[in-house]
Amino acid sequence: MGLAIISPGKNMDAWISNFQSLDPSIPIQVYPDIQDPLSVEAALLWNHPPGILLEFPNLKLICSMGAGVDHILKDPQLPEHTPITRIVDEKLTWSMTNYVVMGVLNHHRQLVRYQQQQREKRWDMSSPEIEVSIGVLGVGALGNDIVDKLSYMGFKVSGFGKSPKIMSYPYYFGSQLDDFLQQINVLVCMLPLTAETEGYLNLELFKKCNPGTYLINVARGKHLNEQELLVALERGYISGALLDVFHVEPLPSNHPFWEEERIMMTPHIASVTNPNAAAPQILENFRRMKMSQPLINQINRIKGY
Ligand code: NDP
């Protein structure tokens with residue numbers, strides 16, 4: 001009884017070699033070449049074809065290949081009671097924090113402005129730093145580390161979550177969104193994608209931001225109403241954005257973001273799961289599933305993260 005890896009179109013060699021070197025006794029089948037569906041007890045997924053899990057009557061564990069599980073939960077034919085786990089690992093957190101720190105510093109120290117001035121051979125020593133106060137929407141495994149590291153660097157940082165919590169930094173939750181937005185002029189979205197958070201970054205929210213707030217979205221494309229970001233830029237609610245995620249990926253060549261100078265983009269690479277770092281926790285959960293022990297990094301299916 002073994003593991004199926006289902007991630008259409010991606011090369012799975014690194015995952016397979018990690019699993020095999022950690023535990024060669026676990027049979028691995030890779031989609032679409034799944035010859036023995038009855039033997040599949042655990043499935044490792046990234047953008048699987050909806051409904052495919054119904055082909056595995058002995059499935060006892062679903063693992064996301066990344067930190068997010070929205071790609072799994074959107075399957076309308078997901079087996080109802082099978083537990084779902086996700087990746088939480090230091091390497092993923094480290095890369096994400098580095099990316100956001102880079103985005104904050106780039107805005108704060110105006111690297112784009114100085115690159116432009118270099119091209120113009122212009123020496124302009126005025127206003128070398130933009131004063132920033134950063135707010136992180138979603139302070140879970142990733143967002144919390146971003147707040148910690150930016151705070152350590154001396155920045156003013158606040159966090160926003162869903163439930164009340166005692167944190168070591170200014171923390172807002174639930175209905176305190178307006179108060180949170182008033183404190184900040186750099187907004188980092190690190191939310192999970194759920195029914196509640198889809199379209200969260202919209203014109204109504206941008207209007208409540210301090211004028212000229214800078215946006216960094218590293219969570220999911222569907223958090224952002226892309227058309228309304230363009231309106232918010234035109235109206236000055238938002239001064240610029242660093243975006244790693246989009247509604248449609250790869251971003252279509254006719255998308256207006258390609259031409260928008262105030263938007264800087266990367267192709268969903270803020271933090272990519274490293275099979276070396278993540279394979280051990282998948283196998284640990286495989287072992288726990290076999291022994292009927294509590295799983296690590298299991299998500300709450302009702303909350304959706
Ligand atoms: P966690 O589940 O650890 O944290 C989620 C946080 O969001 C919690 O603080 C939670 O609050 C908060 N939250 C959830 N719903 C709401 C809401 N409606 N309003 C306010 N706050 C809310 O997730 P991670 O930090 O591990 O990851 C976050 C997301 O980052 C992933 O789901 C994934 O989509 C994205 N990601 C993107 C990557 C990239 O390369 N671009 C790479 C990795 C992840 P509470 O604790 O109070 O419930």
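The paragraphs below set out a description of the structure included in this document.

Conventions adopted
Residues numbered from 1 in each chain as written. Predicted model: local features only at pLDDT ≥ 70, side-chain atom pairs only at ≥ 80, totals over all residues. Heavy atoms only, no water. Helix = DSSP H or I, 4+ residues; strand = E, 2+ residues; numbered from the N terminus. Rg over C-alpha atoms; globule rule 2.2 N^0.38 Å. Buried < 20%, exposed > 50% of the residue type's maximum accessible area, 1.4 Å probe, protein only. Contact = heavy atoms within 4.5 Å. Areas by Shrake-Rupley, 256 points an atom, 1.4 Å probe, with all protein chains shown as cover. Lys, Arg positive; Asp, Glu negative; His and termini not counted. Charge placed at Lys NZ, Arg CZ, Asp CG, Glu CD. Pairing = 2+ DSSP bridges. Arc of directions from axis to C-beta. Near = heavy atom within 4 Å. Polar contact = N/O pair within 3.5 Å; in protein donor to acceptor, adjacent residues only side chain to side chain. Nonpolar A, V, L, I, M, F, W, Y, C, P; charged D, E, K, R; others polar.

**Section: the overall build of the protein**
A count of helical and extended segments in the protein gives nine helices and 12 strands. Against the compact-globule benchmark of 19 Å for 305 residues, the protein has a radius of gyration of 21 Å, which places it among compact chains. Out of the 305 residues belonging to the protein, those deemed buried represent 49%. By sequence separation, contacts in the protein at least 24 residues apart represent 60% of the contacts at least 6 residues apart. Carbon and sulfur atoms make up 54% of the accessible area of the protein, which totals about 15,600 Å². Averaging the locations of the 25 positively and 31 negatively charged side chains of the protein gives two centres separated by 4 Å.

**A short note on the pairing of strand β10 (residues 213-217)**
Extensive coverage of β10 is indicated by the burial of five of its five residues. Burial of the side chains of β10 extends over both faces: Thr 213, Leu 215 and Asn 217 are buried on one face and Tyr 214 and Ile 216 on the other. Where strand β9 (residues 186-189) lies against β10, four bridges are found, and the strand directions are parallel. Within β10, the position partnered with Val 188 by the bridge is Ile 216. Alignment of β10 against strand β11 (residues 238-243), held across five bridges, turns out to be parallel.

**Describing helix α1 (residues 13-22)**
For α1, every residue scored as buried is listed here: Trp 15, Ile 16, Asn 18 and Phe 19. One side of α1 holds all its buried residues, which, seen down the axis, span an arc of 165°. Exposed side of α1, more than 90 degrees from the buried face: Asp 13 and Ser 21 are the residues found there. The inward-facing, buried residues of α1 abut β1 (2-6), β2 (28-30), β3 (40-45) and α9 (275-290).

**Regarding the site of the ligand**
Arg 86, Ser 163, Lys 165, Val 218 and Tyr 305 are the nearest of the 30 residues found near the ligand. A distance of 3.0 Å is found between a nitrogen atom of the ligand and a side-chain nitrogen or oxygen belonging to Glu 196. Interatomic distance of 3.3 Å between a side-chain N/O atom of Arg 220 and an oxygen atom of the ligand. With the chains in place, 92% of the 950 Å² that the ligand exposes on its own is no longer accessible. Elements with a minimum of two residues in the shell around the ligand: α5 (141-152) and β7 (156-161). For the shell around the ligand, the element with the most residues is α5, which contributes three residues. In terms of residue class, the shell around the ligand is made up of 15 nonpolar, nine polar and six charged.

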